[in-house]
Amino acid sequence: MTSYFLLKFLHVIGATVLLGTGAGIAFFMLMAHRTGDAAIIAATARSVVVADFVFTATAVVAQPVTGLLLAREVGYSLGEDWIVASIALYLVTGACWLPVVLMQAKMRDLAAASATGGAPLPERYHRLYRLWFAFGFPAFAAVVTIFWLMIARPEIAL
Ligand code: HEM
């Protein structure tokens, strides 16, 4: 196995984990929220927070590493339009993902407190949920655009 193949293999697996875990987490949080049941929301958010730390965080760190090594291996300049645009979008994704992780942990705690106390979900939970939902759109759009940039490698008039 050549180092190029190994790097590309890891890079594509990392991309799959990023998009797959992100979409999966969004789907299960949405479904749990729609039940309106604080215990279900708390249990789902608990798993989601763990999944983000184990899978997403690993891929978030590994992706630029394998990407930069790939660029060196193939001989691409880091100044290529599609690489510059991808890195910029990657920073956008990170700026959306970090607050989302904190929001999920807070929603987990609020839902767990409601479930324990038998109280309805507080307004703070609903505000966080709306914000969490809104952050998903730019993050998802940025990741899908990175996929396109990586595959098409277009020359862009930046
Ligand atoms: C953040 C810095 C990144 C850098 C520097 C980078 C760099 C690269 C390079 C140089 C290649 C081309 C390899 C080749 O010519 O065979 C590549 C391919 C690829 N990258 Fe990235 N990448 C980055 C992030 C990402 C992200 C965040 C994703 C998706 C979530 C992604 C998904 C892909 C995919 C799917 C390919 C394969 C495209 C193909 O072979 O048609 N990359 N990347």
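Here is what the cut-offs are and how they apply
Residues numbered from 1 in each chain as written. Predicted model: local features only at pLDDT ≥ 70, side-chain atom pairs only at ≥ 80, totals over all residues. Heavy atoms only, no water. Donors = N, O, S within 2.8 Å, 3.2 Å for Na, K, Ca; no water. Tetrahedral: all angles 85-135°; square planar, octahedral: opposite > 155°, others 65-115°. Helix = DSSP H or I, 4+ residues; strand = E, 2+ residues; numbered from the N terminus. Buried < 20%, exposed > 50% of the residue type's maximum accessible area, 1.4 Å probe, protein only. 1 Å grid on protein atoms, 1.4 Å probe; cavity = no way out; pocket = protein on both sides within 12 Å on 5 of 7 lines; lining within 4 Å. Points joined across faces, edges and corners; volume = space filled by probe spheres on them. Nonpolar A, V, L, I, M, F, W, Y, C, P; charged D, E, K, R; others polar. Phe/Tyr/Trp six-rings, centres within 6.5 Å; stacked < 30°, edge-to-face > 60°. Lys NZ or Arg CZ within 6 Å of the ring centre and 35° of its normal.

*Asks:* What's the story with the coordination of the iron atom of the ligand in this structure? I'm lost.
*Replies:* Perfect tetrahedral coordination of a metal by four donors corresponds to 109.5 degrees between them, and perfect octahedral coordination by six donors corresponds to 90 or 180 degrees. Protein-derived coordination of the iron atom of the ligand comes from His 11 (NE2) and Met 150 (SD), at a distance range of 2.0 to 2.1 Å. Coordination at the iron atom of the ligand comes from 6 donor atoms whose angles at the metal span 82 to 180°, giving a geometry best classed as octahedral. With His 11 in helix H1 (residues 3-35) and Met 150 in helix H4 (residues 123-152), the pair connects residues that are 139 residues apart, well separated along the chain. Overall, the relative accessible area of 12% leaves His 11 in the buried class.

*Asks:* Explain the layout of surface pockets here, please?
*Replies:* It is the rolling of a water-molecule-sized probe over the atoms that shows where space remains empty. Empty space within the largest pocket amounts to approximately 1400 Å³. Together, 50 residues line the largest pocket, and Leu 18, Tyr 90, Val 143, Ile 146 and Phe 147 are the ones closest to its centre. For the lining of the largest pocket, the secondary structure elements donating two or more residues are H1, helix H2 (38-74), helix H3 (81-117) and H4. For the lining of the largest pocket, the element with the most residues is H1, which contributes 13 residues. Of the residues belonging to the lining of the largest pocket, the class tally is 36 nonpolar, 11 polar and 3 charged.

*Asks:* Can you help me understand the packing of aromatic side chains in this one?
*Replies:* Tallied over the entire structure, the rule returns 7 aromatic pairs. Geometrically, the ring pair formed by Tyr 125 and Tyr 129 is stacked, given 6.5 Å between the ring centres and 20° between the ring planes. Taken together, the positions of Tyr 125 and Tyr 129, both in helix H4 and 4 residues apart, correspond to about one turn of that helix. Note on Tyr 129 and Phe 133: the rings are 6.1 Å apart at their centroids and 35° apart in plane angle, and the pair reads as tilted. Residue Tyr 129 and its partner Phe 133 are located together in helix H4, separated by 4 residues, close to a single helical turn. Phe 133 gets classed as partly exposed once you look at its relative accessible area, which sits at 38%. Through successive ring pairs, a cluster of aromatic residues spans Tyr 125, Tyr 129, Trp 132, Phe 133 and Phe 137. Its guanidinium or amino end placed over the ring of Trp 82, Arg 153 lies 5.7 Å from that ring's centre, counting from NZ or CZ.

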